[in-house]
Every structure is written in C-alpha cells, then in structure tokens.
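Each chain is listed here by its residues.
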Amino acid sequence: MLAEALALSGMLFVIGVIGVLTRRNAIIVFMSVELMLNAVNLSFVAFSKLYGATGQVFVIFVMTVAAAEAAVGLAIIISIFRHQETVNLKDINLLRG
Amino acid sequence: MMLQEPVLTGHPLADTVAQYVWLLPVLPLIGFLLNGALSMKAAAKLGPSDPSAAGHDHAHGEHDDHNDSHISHDDHPVTRHKYAGLVSLIGPGVMVLAFGLAAAIFVAMRSVDMAHPYVDTLFRWMPVSDMRINVALQLDPLSMVMVLVITGIGMLIHIFSVGYMQDDPGYPRYFAYLNLFVFFMLLLVLGANYPVMFVGWEGVGLCSYLLIGFWFSDKANADAGKKAFIVNRIGDFGFLIAMFLLFANTGSLDFSGIAANIDKLPAGGAVVTAICLFFFLGCTGKSAQIPLYIWLPDAMAGPTPVSALIHAATMVTAGVYLIARSSLLFSLAPVASLTVALVGGLTALFAATIGLKQWDIKKVLAYSTVSQLGYMFVGVGVGAYSAGVFHLVTHAFFKALLFLGSGSVIFAMHAAYHATHNHADDAQDMRNMGGLKKYMPVTWVLMWIATLAIAGIPVFSGFVSKDAILGAVFERAQGSTLANASLFGIPGSALLYAVYAFGLAAALLTAIYMTRMMLYTFHGPNRTGADAESHLHEAPWIMTGPLVVLGLLSAAGGWLNLPEFLPLGPEGVFDKWLEPVVGASTARIAAGGGALATSTEQALIGTAVAIAVAGIAFAFVRLKPAALVPKKVSPASVGFAKVLENKYYVDEAYDRVIVQPVVNGSKYILWKGVDVGIIDGLFVNGSALLARALGWVGSQLQSGQIGTYAWVLVLGVVALLGAFVRVH
Amino acid sequence: MGNEFLPLLYSFHFYLFGLISVAAAIAFVTRKSPVAAAMWLVVTMFALAALYVMMDAQFIGVMQVLVYAGAIMVVFLFVVMLLNLGHPSELSDIRGKWGRIIAGFLGLALLAEIMTLTRSPMELKLIVPAIPATVNSTGGIIGGVAGPLFREYLLAFELTSILLLVAIAGAVVLGRKRSAN
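Residues numbered from 1 in each chain as written. Chains lettered and ligands numbered in written order. Predicted model: local features only at pLDDT ≥ 70, side-chain atom pairs only at ≥ 80, totals over all residues.

Draft legend 1. Just the overall build of chain A, in detail. In terms of regular secondary structure, chain A is built from 3 helices and 0 strands. Listed by position from the N terminus, the elements making up chain A come as α-α-α. For 97 residues, the compact-globule estimate of 2.2 N^0.38 gives 13 Å, and chain A exceeds it by more than 25% at 16 Å. When each of the 97 residues of chain A is scored for burial, the buried share is 58%. (Helix = DSSP H or I, 4+ residues; strand = E, 2+ residues; numbered from the N terminus. Rg over C-alpha atoms; globule rule 2.2 N^0.38 Å. Buried ≥ 20, exposed ≤ 12 C-beta atoms within 10 Å, placed from the backbone.)

Rendered as structure tokens:
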C-alpha cells in the first residue's frame, strides 16, 4: 500500500500547488496550502507503517504548526481586509519595490 | 663576384669617420626640431597667418579656370618672416654639414675594401621570439651613392629655397618639413633592414603630404596632398605583404640575414616571385608607375623646390633603390623582373605621350619624371641595377635643374604679375610665357643643358645613362634568364624587344616635348603682356647659383660611368663602385647570354642618338611658338590632343571605377548600415534596450504580487527537482 | 485491522477513500465561492482521516477530524463569514485560461518528477528507527505515539507549545481593532 499511498499524497500535493497558482483569493490560497500539508501528513503516516511511530509524531507536530499558522495567517488577512477592503492578491502589493 | 655579407667587428671602416654615420640622419632631424620650434614660437607670438598668402605655385586640378585668390593679399612689398634669418642658417646649414660628413665618409670608403657592408647597430627595436629587428644603419657602395645624392642635391635645393620662399609666411615650417624629409629619406637608404627602410618609406610619404599641401588653405592643394598620401598607402600595403612573406620564408628581415638564408627561397619559385611583385607594388606607389602614378602630376601643387627634391631627385627614386637593394631577390625571380621591366617601359611611353600636350610647365616636368622613372625601372628590371641607379643619379641632376629652373621662371612670372596687379593670369602656363631668353639668359642656357641631357644627346650625362639601360635591355633580349622566362605565355625575349621599342619611342617623345617646353617658354615672342614684360628679370644669385652647379653636373655627370666606346676617361667607374653590392645579381640574370657585339652596340647607340636629334629637330621645325596665344584666349583642344591633354581621362576612370564605389559603399553600407545601424543601433542602443529589458524582468521580482512569487517558487522547485531527475 | 485479513476489501476501501479525497480536492480548487471550497476541503480531510485509520494511525485519524476539520476549517469559515466573502463576485478570482493551462502543466511536471524521484534509488539509506509502531501493552494505540512524543521528542513538543502561545498572542494583537490610526 505504500506506493499507492505515496502516489495519492503526490496527487493531492500537486492539486494543492495548482490551487496556489491559479487562485487569487487569499483565503483559498491559504486553504490550498493546508491541502498541501495534509498531503504531506498522508506521506508521513504511510511511512510510519513501515518505519515506526516517528512518522505519526511528526504528523502531530505538522498539525500543531498548521493550526498556529492558520490562526496567525487569518489574523493577518483580517488586518489587510481592514486596510484595503479586498482579499484579492492582485491588489495586495504594498511590498512592491 | 662576392655576395655581400656583413661583418660586425673588424670592418676596415670601423674606426674611421664612418662611425659617425648615425649623425647623417640626426643632423636634419635637429634642423627639423629647431625650425619647427621656431615656427610654433612665431605662430604663438604673431598669431595665425594664411599659409597661401604668398604662394607662387598653385594646384591645377581638373579645373583650369581656377581663381588665383591666394595672391590677392600681395599688394605689398616682400615681407620676410620674423625668424627668417635664423631659419635660413639652420635649414640649409644642417644640410651643408650632412653633405660634408657624407663626403668625408665617402673618401674613407674609397680607400678601403668594401666587399662587406659596414653595419652600425644603434639599438634593439623589436625583439619578439624569433624575430630580432634592430635599428641599424648600413654603409655600402649603394647606400653611399644615395646618401651623396640626397645630401648633395638636398643641400643645393635648400639654398635655392632660401631665395624662392623668402616672402612666405610659413618659412620656418617649410624648412622644418624639408629637413624632416631628408631625415626620413636618409633612414630609408641607410637602413640595414627592411623595417627601418619602411620607417623611412612611410616617413617620406608623410613629408610629401605635408609639403604638397603646404599652402593648405587652398583646398585643391590639400586634396593633392591627400591624394598623394592615399595612393602611396596602397603601395605601402604591397611593401608590408612582401616583408611578411620574406620573414615567413627566410626568418630574417635584415639584408645580411636574408642573404644568408637565401637558399630557403627556391629560384624562380612562386614565393620569391610573390615577394618581388609585392615589393614592386610598393614601388609603383612610391615611384609613380602604372597604375599608381596619378598622384605625381597633382603633387605639383606644392612649392617648386619641393617638386625638385621630392618628386624628381629623391623620394620617387626610393622604389628604384628598393629594387636595387633587393637585387638578390629579383635576380631569383625572372618573371617578376620581367614584369618590372615591362611596366617601366609602358609607363615611360605612356607618360611621354601625355607630356606632349601639357601646358603647365610643371606638369610637363611631372610627366617627364614619371617617364624617366619608367626608364629606371626598365634598367633594374632587366638586371642592370648599376645602370638603373646611374640613371637615377643623372636624372637627379638634370631633373632637379629643370624643376629649379622652372621655379626661377615661375618666380619671375609671379613677380611680373604682382608688379602689374594681375591676379587673373596663370603664371605657370606656357601659353603666357615666351621669349624669356632675353630676360633670363643664365636660366635659359642651364635649362638647355638639362634638356639636351634628358633627350640623350652625347656627351651629356643623360645620354650615358639612358644608353646603358637600352643597351642592357637589348643584350638581355638576346639571351638571359629573362629571355628564357615568359609572362602570360609570351616569351621573355619578345617582351624585352618590345620594351626596347617602347624605350626608343619614349626617347623620341622625350626629345620632342622637352624641346617644345623650351621653345614655348624661352623662344618666340613674349605673351606675358606688355606691361608685365618689363618686370621680368633673372632670379637672384642665391637661386641661380645652385642651378649652375646642377648644370655642371648634368653636363659632365656622364664621366662617372663612361662606356668603353667613349674613351674620354676611366671606364665604368660607377659600375665598378657598385659591383660588390649588385654584381652577383646582375650576373645571375644575364646568365645564358653573352655581351653585345661591338657592332651591335654601335648600331644601338647610333639609333638612340639619331632619334634624339630627330626629335629635337622635329620640334624646332613643326612647332611654331609664334602661333601660340595667351592662355585666356586659347582655344580648347580637340580630338586626340584633347585626350592627351586630359591625360587619357585616367583620373576620371579611377574615380568612376574605384573612388565612387568606395565612397558610396562607405556611405551607405559602412556608415548608414554598419555604423549607424549595427553599431549604434544594435550594439549601443541594443545593449541599452537589453539593460532596460533585463531591468524590467528584474523589477518583476519585486512586484509585490504574491501570485507572481508563488509562480516563481513553484517553477524553481520544478526546475530543481528536474535537475535531480536528470542526474539519475 | 489491516490488510492481512481481507486484502480485497482493504484495497477497495483504500481506493474509494483515495478517489473521494482527490475528487474533493479538485472540486475544492475549482469552486468560485470560498464557502463551497471550504466545504470540499472538509470532505477531503474526512477522507484522509479514514485513510489514516486504515493505515493503523487511528489516533492521527481522530486528531485529523477534531483539529483539522473541526477547528482549523471552522476558523477559516469564521473568517469568511467575518469578511462577508460568502457571495462570489461577478469577477472570478481564478486566473485566465492561459494561467490555468500553464499551472496545469507545471503541476503535471511536478507530479512526474515526484513519482520519478520517489522510485529512484536514493544515495542515503533510511535509518530504521528503533521504535516500532506496535500496540503498546500499557498505553494501547495512543501509547505507541505518546511514548516517543514525551520521551525522544520532548524538546520539540515543548517548543511547539511555545509556538502555539506565540501564535495566540500574535493573532490577538493582529486582530485587535486599531483605535487611534
């Protein structure tokens, strides 16, 4: 099952990448990143079946960090929204040099 | 018959006055520096002056209706330059010193066995891997002859110039350039290797340009200078290629090294023929042969003493000297020598025909020079190097005399026109002269001496030298390596007979046009105009003195190389003098044939004399100076006379075929196409555009667009992983 | 549980949940409305949770449902509601045709590379850890995970808790309404 699981993980990851590339809504981009993290989690779990509990421990950490990141990221998006009334990435370019 | 090999130490000349040979070129160089400094100091103090303000000569371009605007300022008495006195001392002074030194060295050489040349190496110049080029001066019979001619005749011309250029605002500049010219010319003839000779070669070209365009504010003069320089450069290219080939095949560029390695060049082979032909290309440029003679008539725009020194006696003879110096190479390449003789013969005839119908006195002499140079090349072409160089020497005598004499005539004509405020008439046109023997008897007599010499009347110098050349041609035609060779399928002997015929025809024409010149200038009624006529007078003694010396040399110069049938003195002194240098080469070319039978020789000489006399007589009988009218009312020529007067339209043909295409090509292809389009557009503007484009791309990196960043990120990851995939 | 008993049934379920997760992921990426997209993502996560359980990571599966689907996605939906983004505007935020095509190609390229690289022999050998994922007699299923978590990876665990603290503080600070400016 390892090979299939890895293939599935790869596919989900790529779908997440496509999501990041094609969407301009900040929240949806964020959610695509979450999808990518999930795909990675699946990889870890698939490997943990062969190589021990370390994989699952890693998944715990990934989930925790994902949660923290989601919280902070969404807070930032709300801040931006208060500033500019938009979450379209095209319009958020205050960092242009 | 020994080949010249240099000896570095223990040469018999080593501790004599010859060790000061380096002073010979350095003296005129000092003159140049001092005169130049005075010229610049004067310009700084007095401000700029119109160089053409007192110009006596002027260019006759294709437009003979040119206005004498440069003498419009001359309603004032003769004004001498501020530093004229000092310059008159320095300019001719260094020449006198140089001539004295040359004479002293000559005396030392006479008492010593000159089987080997004396080479004085001054300093290392270009040591590059195998190539060792030093600045070295070589004293041997050939270079000594040239040095004496240059310093001697140069000295006389400098003295003449003191009188001729006396009211010229560029007086110090003139002497500076003249001294510089002598410096370069001496380098040319004294060089012990081809590069030093080439420095002199180019330097005299430069000085020729400077002096032809001496009165440069008149555009025609400046154009003539440019033409001379550019045409010369074409020849210089030939010289360079020959040097490259020579070095590539023999590994050496100095005369002794080449002689030592001469077995690397197979006789009659393609390489040595190519080398000789390229050298000859340089000669056609410098010595005004077909096809590059076109600059010499235009060079008459310069002051007359310049024409005498540079374009009669010395610079144009550099080509002849080059071939004589390279006699070893030319004797190994019969095809090249044949070509030289053929071109020389053709040029002699061609220029003589043009000279028949020229009206400007200096132009007649210019074409005469081209023609006589043709004779010299015929001489060195058939291997009679000594005869060719001897004709060079005698030609220097009588041609310098002719030019300086015409300078006196022009001087007198200009003085007459100034006095009568005549600014419209041409002072150099023979149609405005006539009957001048009454007013300038000394000049008249001397110029007749020169005319008889150039026509080849015995026993003047020209007869001896011209005869030696024609005799040598005939002798080679009967049997020699040249007769056995062939050019484009035509056997050499036939070509040589043709060259002989050309030479005879040119002799006839020479006699005719020179007599014509004398008739129209000095004989018959005067056409200058009644009031101007009263102002004509002989030139001052400072100008006529050198003329007398040259007259004596022209008359008696033949004594230097008397042939055996003329038992007036020691036989063949000149030939014996040059024998160590060119004897072996002459013998190599003449191999396969014997000397001419005495009866044949006498027949040839008789023919030549008869032709010369016939030419002079013809001119006296047929040409009526009384029938001439002044230039401004003269009818235009028609028919073949018009073709001759317009020099066979060669300049126009060159312009159409070569100059205009090059100019147009340069303008449209090289300038608009390459320079503006490719270099400015593609490289300069294009690189700016490229920088802007790259900058734009770079600016996209900082667009602040998160979407763009994400794209780049993913792209990078894909590329990076792609690298790993390929590795496996 | 595991694929030792009923391999065919196991495979069927594996492929079923895999298919559901992929289909839901594609649906998620192509929805115009953020709410719909979030919903589809939740479906994906549920399918993944099922897969985790099938692969003997039951604790992780439950964590997935509770934390990811239950907390993180809820926060996303809260923000969507807060910013009133539920109504998709007339102008879609999806990139144009060319953008999608090139993105698709990039994705395919990435997938191909991943598949190739995971099959190729690696230079480094995986170090088999000493901790087997067996059911611990004292802790049960959770014990197998909790043991390493609180022993070998204790430092990481503590750091993670600090990270959470910082995240909370940051989120509160960032989310505060600025009064003066």
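Don't stop here, the text continues.
Draft legend 2. Spotlight on the overall build of chain B. Each helix and strand in chain B was counted, giving 26 helices and 4 strands. Based on the C-alpha atoms only, the size of chain B along its principal axes is roughly 105 × 65 × 55 Å. Per-residue burial over chain B gives 54% buried out of 728 residues. Residue pairs in contact within chain B that sit at least 24 positions apart in sequence constitute 82% of those at least 6 positions apart. (Contact = placed C-beta atoms within 7 Å.)

Draft legend 3. Looking closely at unusual backbone geometry. With an omega of 5°, the peptide bond running from Ile290(B) to Pro291(B) counts as cis. The phi torsion at Glu85(A) lies on the positive side, around 65°, for a residue other than glycine. Within the secondary structure, Glu85(A) is located in the segment after helix H3 (54-84).

Draft legend 4. Geometry of the interface of chain B and chain C. On the chain C side, the residues contacting the 8 residues of chain B number 7 residues. For the side of chain B that touches chain C, the class distribution of residues is 6 nonpolar, 2 polar and no charged. (Nonpolar A, V, L, I, M, F, W, Y, C, P; charged D, E, K, R; others polar.)

Draft legend 5. Geometry of the packing of helix H1 (residues 7-30) of chain C against helix H2 (residues 34-54) of chain C. Residue and element names in this part refer to chain C. Where H1 contacts H2, the axes come no closer than 8 Å and their chain directions differ by 160°. Considering their axes alone, H1 and H2 lie roughly antiparallel with respect to each other. Taken as a pair, H1 and H2 cross one another with a handedness that is left-handed. Of the residues in H2, those in contact with His13, Phe14, Phe17, Ile20, Ser21, Ala24, Ala25, Ala27 and Phe28 of H1 are Ala37, Trp40, Leu41, Val43, Thr44, Ala47, Leu48, Ala50, Leu51 and Met54. Classifying every residue of the contact of H1 with H2 by side-chain character gives 16 nonpolar, 3 polar and no charged. (Axes fitted to C-alpha atoms, helices over the stretch in contact; angles between N-to-C directions. Parallel < 35°, antiparallel > 145°, perpendicular 65-115°, else oblique. Left-handed = near helix turned anticlockwise from the far one by under 90°.)

Draft legend 6. Geometry of the nonpolar core. Residues and elements named next belong to chain B. In this structure, Phe181, Met185, Leu186, Ala400, Leu401, Val473 and Leu496 are the most contacted members of the largest nonpolar core, which totals 233 residues. By residue number, the principal contributor to this core is helix H15 (residues 385-419), which donates 21 residues. Those residues in contact with Leu496, other than ones at most four positions away along the chain, are Ala341, Val382, Val473, Arg476, Ala477, Leu482 and Ala483. (Core = buried A, V, L, I, M, F, W, Y, C linked by C-beta atoms within 7 Å.)

Draft legend 7. Examining H1(C) more closely. With 24 residues, H1(C) extends 35 Å from end C-alpha to end C-alpha; this agrees with the ideal 34 Å at 1.5 Å per step. Considering only its buried residues, H1(C) is in contact with helix H1 (2-22) and helix H2 (26-51) of chain A together with H2 of chain C. (Expected span 1.5 Å × (residues − 1).)

Draft legend 8. Region of the structure containing the pairing of strand E1 (residues 118-128) of chain B. Residues and elements named next belong to chain B. One ladder, built from 9 bridges, connects E1 with strand E2 (residues 131-139); its direction is antiparallel. Note that in E2 the partner of Pro127 across the bridge is Arg132. Two successive antiparallel strands, E1 and E2, enclose a turn made up of 2 residues, where Ser129 displays a positive phi of approximately 50°. (Pairing = 2+ DSSP bridges.)

Draft legend 9. Examining helix H6 (residues 154-175) of chain C more closely. Under the 1.5 Å per step criterion, the end-to-end length of H6(C) is 31 Å for 22 residues, consistent within 8% with the ideal 32 Å. In terms of residue burial, H6(C) counts as a barely covered element, since only 2 of its 22 residues are buried.

Draft legend 10. Broad picture of the packing of H2(A) against H2(C). At a minimum axis separation of 11 Å, H2(A) and H2(C) run at an interaxial angle of 5°. Taken as axis vectors, H2(A) and H2(C) run roughly parallel relative to one another. Between H2(A), through Ile27(A), Ile28(A), Met31(A), Glu34(A), Leu35(A), Asn38(A), Leu42(A) and Val45(A), and H2(C), the contact on the second element is made entirely by Pro34(C), Ala37(C), Ala38(C), Leu41(C), Thr44(C), Met45(C), Leu48(C), Leu51(C) and Tyr52(C). Tallied by class, residues from the contact of H2(A) with H2(C) come to 14 nonpolar, 2 polar and 1 charged.

Draft legend 11. Representation of the interface of chain A and chain C. Facing 57 residues of chain A, the contacting portion of chain C comprises 69 residues. Mapped onto the side of chain A that touches chain C, the elements with two or more residues apiece are H1, H2 and H3 of chain A. If you tally residues by element for the side of chain A that touches chain C, the top one is H3(A), at 22 residues. For the side of chain A that touches chain C, the class distribution of residues is 39 nonpolar, 13 polar and 5 charged.

Draft legend 12. Geometry of the environment of Ala427(B). Residue and element names in this part refer to chain B. With respect to the helices and strands, Ala427 occurs in the loop between H15 and helix H16 (441-455). Here Ala427 falls in the buried class, since 25 other C-beta atoms lie within 10 Å of it. Residues Ala427 and Ala299 lie 128 residues apart in sequence; the distance between their C-alpha atoms is 17 Å. Other than its neighbours up to four places away in sequence, Ala427 contacts Ile410, Met413, His414 and Tyr417.

Draft legend 13. A look at the confidence of the model for chain A. Here chain A averages 90 in pLDDT, while 99% of its residues score no lower than 70. Of all the helices and strands in chain A, H3(A) carries the lowest mean pLDDT, 91, while H1(A) carries the highest, 93. (pLDDT = per-residue confidence, 0-100.)

Draft legend 14. Representation of the environment of Gly572(B). Residues and elements named next belong to chain B. Relative to the assigned elements, Gly572 resides in the loop between helix H21 (541-556) and helix H22 (573-590). Gly572 sits 14 residues away from Gly558 along the chain, and the two C-alpha atoms are 9.9 Å apart. Residues in contact with Gly572, not counting those within four places in the same chain, are Asn561 and Leu562.

Draft legend 15. Just the environment of Gly593(B), in detail. Residues and elements named next belong to chain B. Counting through the fold element by element, Gly593 comes out in the loop between H22 and helix H23 (598-622). Distance from Gly593 to Glu475, taken between C-alpha atoms, is 7.7 Å for residues 118 residues apart in sequence. Look past the residues within four positions of Gly593 in its chain and what remains in contact with it is Glu475, Arg476, Gln478, Gly479, Ser480 and Ala483.

Draft legend 16. The confidence of the model for chain B, seen in detail. All names here are of chain B. Model confidence for chain B is summarised by a mean pLDDT of 86, while 95% of its residues fall at 70 or above. Considering only residues more than four positions removed or in separate chains, one finds that residues 1-5, a stretch of pLDDT under 50, has 16 contacts. Note on residues 58-76: pLDDT is under 50 here. Beyond four places in sequence and across chains, it has 28 contacts. Note on the complex model: pTM 0.72, ipTM 0.92.

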